[in-house]
Amino acid sequence: VTHGVFLSPRAEIQSSLIREAERDYGIKLKPSMLYDGQADFYDYDGIVITYQSMNNFSDDLRIFCGRHHVLVVGDELHHVTDGQTWGDAFRNAFEPACNLLALTGTPWGANGGKIAFIKYNKKGFAIPDFSYGKEDAIRDQVCRATQMIECPASGLRFLNGDTGEITNHATLE
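Residues numbered from 1 in each chain as written. Predicted model: local features only at pLDDT ≥ 70, side-chain atom pairs only at ≥ 80, totals over all residues. Heavy atoms only, no water.

### Thoughts on the sheet that holds strand β1 (residues 3–8)
Phase 1: Reading across the sheet, the 5 strands line up as β2-β3-β1-β4-β5 and stay open at both edges, with parallel pairing between neighbours. If you trace the sheet from one side to the other, it starts and ends with β2 (29–30) and β5 (99–103), each paired once.
Phase 2: Where β1 meets strand β3 (residues 46–50), 5 bridges bridge the pair, whose relative direction is parallel. Within β3, the residue paired with Val5 across the bridge is Ile47.
Phase 3: Strands in contact with helix α3 (residues 58–67) are β1, β3 and β4 (70–75); relative to β1, the strand with the most contacts, it is inclined by about 150°. (Pairing = 2+ DSSP bridges. Helix = DSSP H or I, 4+ residues; strand = E, 2+ residues; numbered from the N terminus. Contact = heavy atoms within 4.5 Å. Axes fitted to C-alpha atoms, helices over the stretch in contact; angles between N-to-C directions.)

### Some remarks on the packing of aromatic side chains
Phase 1: All chains considered together, the criterion is met by 6 aromatic pairs.
Phase 2: Here the aromatic cluster, defined as three or more aromatic residues joined through ring pairs, consists of Tyr51, Trp86, Phe90, Phe94 and Phe117.
Phase 3: Across the ring face of Tyr44, the terminal group of Lys28 is positioned such that the distance to the ring centre comes to 5.3 Å.
Phase 4: The ring of Phe117 has Arg91 lying over it, and the distance from NZ or CZ to the ring centre is 4.6 Å. (Phe/Tyr/Trp six-rings, centres within 6.5 Å; stacked < 30°, edge-to-face > 60°. Lys NZ or Arg CZ within 6 Å of the ring centre and 35° of its normal.)

### Some points on the side chain of Thr50
Phase 1: Along the chain, the position of Thr50 falls in strand β3.
Phase 2: Looking at Thr50, the relative accessible area reads 12%, which means it is buried. (Buried < 20%, exposed > 50% of the residue type's maximum accessible area, 1.4 Å probe, protein only.)

### Notes on helix α4 (residues 85–94)
Phase 1: Where α4 is concerned, the buried positions are Trp86, Gly87, Ala89, Phe90, Ala93 and Phe94. Across the axial projection of α4, the buried residues extend over an arc of 165°, all falling on one side.
Phase 2: In this structure, the buried residues of α4 make contact with β1, α2 (51–56), α3, β4 and β5. (Arc of directions from axis to C-beta.)

### Observations concerning unusual backbone geometry
Phase 1: A positive phi angle is found at Phe117, which is not glycine, with a value near 75°.
Phase 2: If you trace the backbone, Phe117 turns up in the loop between β5 and α5 (134–139).
Phase 3: Even without a glycine there, the phi angle at Gln141 is positive, about 60°.
Phase 4: One can find Gln141 in the loop between α5 and β6 (158–159).

### Quick word on the nonpolar core
Phase 1: In this structure, Val5, Leu7, Tyr51, Met54, Leu61, Phe90 and Phe94 are the most contacted members of the largest nonpolar core, which totals 25 residues.
Phase 2: Those elements that provide at least two residues to this core are β1, β3, α2, α3, β4 and α4.
Phase 3: In terms of residues, this core owes the most to one element, α4, which gives 5 residues.
Phase 4: Filtering out sequence-adjacent residues up to four positions away, Leu61 remains in contact with Val5, Met33, Ile47, Ile49, Met54, Ala93 and Phe94.
Phase 5: By size, the runner-up hydrophobic cluster in this structure holds 6 residues, among which are Ile18, Leu29, Val48 and Val73. (Core = buried A, V, L, I, M, F, W, Y, C linked by side-chain atoms within 4.5 Å.)

### Let's talk about the pairing of β4
Looking down a regular strand, the side chains alternate between one sheet face and the other.
Phase 1: Where β1 and β4 come together, 5 bridges link them in parallel fashion. When the sheet's bridge partners are listed, Gly4 is paired in β4 with Leu71.

### Side note on the pattern of salt bridges
Phase 1: With the rule as written, the count across this model stands at 9 salt bridges.
Phase 2: Notably, a salt bridge pairs Asp24 with Arg23, separated by 2.8 Å at the nearest N-O pair.
Phase 3: Taking relative accessible area as the criterion, Asp24 reaches 43% and is therefore assigned partly exposed.
Phase 4: In this structure, Lys30 and Asp40 form a salt bridge, with 2.9 Å as the shortest nitrogen-oxygen distance. Taken together, the residues span a long stretch of sequence, with Lys30 in strand β2 and Asp40 in the loop between β2 and β3 at a distance of 10 residues.
Phase 5: You can call Lys30 buried: its relative accessible area is 10%.
Phase 6: Residue Asp40 is classed as buried on the basis of its relative accessible area, which comes to 19%.
Phase 7: Salt bridges linked by common partners bring Arg10, Glu12 and Glu76 together as one network. (Salt bridge = Lys/Arg side-chain N within 4 Å of Asp/Glu carboxyl O.)

Have a look at this one:
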């Protein structure tokens, strides 16, 4: 792999990804497109962009991936559903990429659609090449265990947002 392309659904994630990639791994990422002819091309190991901006650079990314050995990392990849704008742009842009790391806890796209490049079995379940679940993360101490504590609910009072009335019970509608 010569370059990385990191995608996220929100711009807020980009700055922390850029900072952490350099601090923790020595990887320098540019927060915009990287072109072969630019003076700063060799200053960066890759780019970090949002799925929204990927739409604007889909053809450029396809050329980039065709010329270099690119690792594509898609955070919350369930945002790129086949047949939808981001999914179609993602498929066009990264078809020539040599590797794809799909990060998601939701193995289906919008409205139950299929995520670009993900394989599914006959029942419609995603077939991962590798899976790293919560049990693994807890064991590796990179995630805390979830603890559910049962608490008595007696004496609770509820405010009705429509009427302003306070009651001693919740009404589920």
